[in-house]
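Summary of the model geometry
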Amino acid sequence: MPLIALLSDVIALFFFYIQTQNPNLYLFGLIIQALIVVVLLWLSLTYHGKKYARTPPIGYRYFSIRFARLIISILINAIVLFLYVLNDLGINDLIFSQL
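1. What to know about the packing of helix H1 (residues 2-21) against helix H2 (residues 26-45)
Running from N to C, H1 and H2 point in directions that differ by 170°, and their axes come no closer than 10 Å. As far as their axial angle goes, H2 and H1 are roughly antiparallel. The segment H1 lies against H2, with Ile 4, Ala 5, Ser 8, Ile 11, Ala 12, Phe 15 and Gln 19 engaging Tyr 26, Phe 28, Gly 29, Ile 32, Gln 33, Ile 36, Leu 40 and Leu 43. Its residues assigned to classes, the contact of H1 with H2 comprises 11 nonpolar, four polar and no charged.

Written as structure tokens, this is what we have:
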């Protein structure tokens, strides 16, 4: 599943590049980014691998490297989705402002 998360990041980057070349596809990119976030959330909820490190410190536990990669991918893609929504609503064009 971490490999699928990495693949989804590459797909999201590819669609971002496509949108920088053609500004008419912003809504399409928003839909693709939302689908990627939903797929990553589904992957994190159905993850059956090791979620925590073997030797946790007292009081809290660390995520394993594979599960942390999945969680970081969700966080980054969710932030990018939020920026897409702001751009689509006309509130802030930060994500495409330097194009």
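2. Thoughts on a nonpolar patch on the surface
Taken together, Leu 27, Ile 31 and Leu 35 make up a surface patch of nonpolar side chains, about 280 Å² in accessible area. Checked against the element boundaries, Leu 35 lands in helix H2.

3. Things to note about the nonpolar core
Among the nonpolar cores identified, the biggest contains 10 residues, and these are Ala 5, Ala 12, Ile 32, Ile 36, Leu 40, Leu 43, Tyr 47, Phe 67, Leu 70 and Ile 74. The set of elements that each furnish at least two residues to this core consists of H1, H2 and helix H3 (65-89). Element by element, the count of residues in this core is highest for H2, at four residues. Excluding residues that lie within four positions of it along the chain, Ile 74 makes contacts with Leu 40, Leu 41 and Ser 44. One finds Leu 30, Val 37, Leu 81 and Ile 95 within the second-largest nonpolar core, a separate group that totals six residues.

4. What about the packing of aromatic side chains?
Tallied over the entire structure, the rule returns six aromatic pairs. Seen from their ring centres, Tyr 47 and Phe 67 are 5.2 Å apart, and the 35° between their planes marks the pair as tilted. Of this pair, Tyr 47 sits in the loop between H2 and H3 while Phe 67 sits in helix H3, and the two are 20 residues apart along the sequence. Each member of the pair Tyr 47 and Phe 67 is classed as buried. What links up through ring pairs into an aromatic cluster is the set Tyr 47, Tyr 52, Phe 63 and Phe 67.

5. Description of H1
Given 3.6 residues to a turn, an α-helix orients residues that are three or four positions apart in the same direction. Its 20 residues give H1 an end-to-end C-alpha distance of 29 Å, which sits within 8% of 28 Å, the value for a rise of 1.5 Å per residue. Burial in H1 covers these residues: Ala 5, Ser 8, Asp 9, Ala 12 and Gln 19. Buried residues of H1, seen end-on, are gathered within an arc of 105° and therefore sit on one face of the element. Residues of H1 that are exposed and point over 90 degrees away from its buried face: Leu 3, Leu 7, Val 10, Leu 13 and Gln 21. Of the surrounding elements, those touching the buried residues of H1 are H2 and H3.

Rules behind the numbers
- Residues numbered from 1 in each chain as written.
- Predicted model: local features only at pLDDT ≥ 70, side-chain atom pairs only at ≥ 80, totals over all residues.
- Heavy atoms only, no water.
- Axes fitted to C-alpha atoms, helices over the stretch in contact; angles between N-to-C directions.
- Helix = DSSP H or I, 4+ residues; strand = E, 2+ residues; numbered from the N terminus.
- Parallel < 35°, antiparallel > 145°, perpendicular 65-115°, else oblique.
- Contact = heavy atoms within 4.5 Å.
- Nonpolar A, V, L, I, M, F, W, Y, C, P; charged D, E, K, R; others polar.
- Patch = residues over 30% accessible without salt bridge, like charges linked within 9 Å, V, L, I, M, F, W, Y side chains within 5 Å.
- Areas by Shrake-Rupley, 256 points an atom, 1.4 Å probe, with all protein chains shown as cover.
- Salt bridge = Lys/Arg side-chain N within 4 Å of Asp/Glu carboxyl O.
- Core = buried A, V, L, I, M, F, W, Y, C linked by side-chain atoms within 4.5 Å.
- Buried < 20%, exposed > 50% of the residue type's maximum accessible area, 1.4 Å probe, protein only.
- Phe/Tyr/Trp six-rings, centres within 6.5 Å; stacked < 30°, edge-to-face > 60°.
- Expected span 1.5 Å × (residues − 1).
- Arc of directions from axis to C-beta.

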